Each structure stands twice: as C-alpha cells, then as structure tokens.
Amino acid sequence: MEERITSKENPTVKLYRKLSKNRKDRRENGMFVAEGLRICTDAVNHGFVNVLMVTETAENKYSEFVDSFDGNILRISDAVGELLSDTGTTQGVFAICKIPENPSLDSFSDKSGKYLVLNGLQDPVNIGTIIRTADAVGMDGVIMCSCCDLYNPKVIRGTMGSVFRVKTAICGYETAVEHFKSIGVITYAAVIDTDAVSLTECDFSGGSAVVIGNEGNGLTDADAMMCDKKLTIKMHGNIDSLNAAMAAGIIIWEMKR
C-alpha cells in the first residue's frame, strides 16, 4: 500500500488548496478542483481528472469507485482531507481536474436551440443551480458573460456534476447577443417591466436565447435593448422580484415545455 500523505506541505495538497481559493491560480494552471463522490465520479467519467485524492476512510467506504480509477491517485490522511474540504462534512474524495477548452460560439448554432445567457451573475450558488436546472430540462447551452468564475468550487458543487454535461461558454455579452441574432435565434431580455411580454405569452417554438441579469440590479437598459424582445414573469401579491436562479428555472421550464 502506498504511504498516505499526512503533510499539508505536500506539493499536490498545496496545489489543490491554491486552486480551491484563487481564480488566478485556476486560470494559470488550467485546472480546477472538485469534492465529493458524485461530482468526482462524473469528472472521472467525462475524462476531466488529473489527480484523484482519497482519504483512508473514503478508500474503505468507496473502494469500488477507487479501485475502478486507473489514473493518478494520491492517498491522504483523514486530517488532510478535513483541511482540503470546502464542506461541513467531507466524503474524503477530491479531484484536481483540467479546465476544458472554451467552446466556440459556432457550437451554439442550432437555429431551433434553447439557450441561456447569464450576464453579470456573481453568486456561485445561483450559477451552479442554473446550470444544474439547464441540464435537468435539456437546454442546448449556457453562455456566461462577466459572471463569477465557472470553476469556482461553489459553482462546481452547485451543479452536482451538470457542469460536465452542459455546454457552457464564456464570452462578452455583445458578442453572445450578436451571435444569436446572426443565426436567427430570437433573443429575450428577462426584466421586471410592466411593458414587457409576459413569459407565458412568449413563443419559444423556434430558436430562443434568454438573458438573465445580475442578482441585485438585473439587466441595464442598454443591455436589455440589445435583445429582440423583453419578457417578464408576472407576479402576484406583494412579490416584486425573484431570486435569479428561481427566475431562470421558471423561464427554462417555459422554454422547454
């Protein structure tokens, strides 16, 4: 049995911690981290894992998964696992993964496709939830513009593995909108505006791309005006706004039903 790593000074342990905390380090190294059996299993199945790290407890509990992995495994102590963990109760399974090449917008060119454009979202939990929802209903892709890092550990965890399945690109907002217009996909700005078309009255039978704005401020007037149409979720009572992830979930459902 390979000796188990017990020191936080181990180079791979130090790299994991840097990648977990710093977007700059993730970009410079072309790597990100994942924690938990389910997410690491998805990462392995999609060929993203460079190094799998497992604690003694995890290796005993998830022996079938560990034994099936034929790549580089680093065995760490339970104490080191606690040090690496970004969750309250760790499963003791960690992975250092490669960041895939950013998809070209040419791969978002299905004229009958259903797409989301996230513009300025900064809450990693919201982004993770939106990507997971997009996966659940079969959206054709998500584009992120001026958002928090797609490979933030909280985003990765929030997607519950969907980040490995949903085609997601990063580009400028104007570039994304102009791309969809150039291929005949109708762009919709999701806004809080009494003059906007009610979501339930929108025709999503053709290609559609809906833009979701920043959690606190929504879309600027200029960004909304770049889209072909504006849509809104009509609300009742004293509710005047929704969490960005919840609003996106409602819109996604309407687009795909």
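Quick caveat: nothing in here was measured; it's all calculated off a predicted structure. (Residues numbered from 1 in each chain as written. Predicted model: local features only at pLDDT ≥ 70, side-chain atom pairs only at ≥ 80, totals over all residues. Heavy atoms only, no water.)

Caption draft 1: How the structure looks around the overall build of the protein. The helix and strand tally for the protein stands at 11 helices and 11 strands. In terms of its C-alpha atoms, the protein occupies a principal-axis envelope of roughly 65 × 40 × 30 Å. Relative to its 257 residues, the protein shows a buried fraction of 51%. Put simply, 77% of the contacts in the protein that link residues at least 6 apart link residues at least 24 apart. (Helix = DSSP H or I, 4+ residues; strand = E, 2+ residues; numbered from the N terminus. Buried < 20%, exposed > 50% of the residue type's maximum accessible area, 1.4 Å probe, protein only. Contact = heavy atoms within 4.5 Å.)

Caption draft 2: Main features of the pairing of strand S11 (residues 229–232). Taken together, the 3 bridges between strand S8 (residues 186–190) and S11 define a ladder with parallel strand orientation. Bridge assignment links Ala189 to a residue of S11, and that residue is Lys230. Relative to S11, strand S9 (residues 197–198) runs parallel, the two sharing 2 bridges. If you follow Val197 over to S11, its bridge partner there is Leu231. (Pairing = 2+ DSSP bridges.)

Caption draft 3: The arrangement of the side chain of Asn126 in detail. Inspection of the secondary structure puts Asn126 in helix H7 (residues 124–137). The exposure class assigned to Asn126 is buried, which follows from its relative accessible area of 5%. Filtering out sequence-adjacent residues up to four positions away, Asn126 remains in contact with Glu215, Asn243, Ala244 and Ala245.

Caption draft 4: Broad picture of the pattern of salt bridges. Applying the stated criterion to the full structure yields 11 salt bridges. Notably, a salt bridge pairs Arg27 with Asp149, separated by 3.0 Å at the nearest N-O pair. Taken as a pair, Arg27 in helix H2 (residues 23–29) and Asp149 in the loop between strand S6 (141–145) and helix H8 (153–159) lie far apart in primary sequence, 122 residues in all. On the basis of relative accessible area, Asp149 is assigned to the buried category, the value being 3%. Where Asp42 meets Arg165, a salt bridge forms, and the shortest distance between an N and an O atom there is 3.4 Å. Linking Asp42 in helix H3 (residues 37–45) with Arg165 in the loop between H8 and strand S7 (168–170), this pair joins segments that are 123 residues apart in sequence. Look at the salt bridges and you will find they share partners, linking Arg4, Glu59 and Arg75 into a network. (Salt bridge = Lys/Arg side-chain N within 4 Å of Asp/Glu carboxyl O.)

Caption draft 5: Fine view of the environment of Gly81. Its place among the elements puts Gly81 in helix H6 (residues 78–84). Spatially, the C-alpha atom of Gly81 lies 9.7 Å from that of Lys8, the residues being 73 residues apart in sequence. If sequence neighbours within four positions are ignored, Gly81 has contacts with Thr55, Ile76, Thr90 and Phe94.

Caption draft 6: A look at helix H9 (residues 173–182). Every buried residue of H9 is listed here: Tyr173, Ala176, Val177, His179 and Phe180. What you see down the axis of H9 is that its buried residues fit within an arc of 155 degrees, all on one side. In H9, those exposed residues whose orientation departs by more than 90 degrees from the buried face are Glu174 and Ser182. Those residues of H9 hidden inside the fold are in contact with strand S5 (114–119), S6, S8, strand S10 (208–212) and helix H10 (221–225). Where H9 terminates, the next one or two residues include Gly184, which has phi positive at roughly 85 degrees. (Arc of directions from axis to C-beta.)

Caption draft 7: Region of interest: the packing of aromatic side chains. Summed over all chains, the structure comprises 7 aromatic pairs. Relative to Tyr115, the ring of Phe108 lies with its centre 5.9 Å away and its plane at 45 degrees, an arrangement referred to as tilted. Ring centres 4.9 Å apart and planes at 35 degrees place the aromatic pair Tyr115 and Phe180 in the tilted group. A residue pair is termed long-range when its members are at least 10 positions apart, and Tyr115 in strand S5 and Phe180 in helix H9 qualify at 65 residues. The same class applies to Tyr115 and to Phe180, which are both buried. (Phe/Tyr/Trp six-rings, centres within 6.5 Å; stacked < 30°, edge-to-face > 60°.)

None of the figures reported here should be taken as evidence of function without further support.
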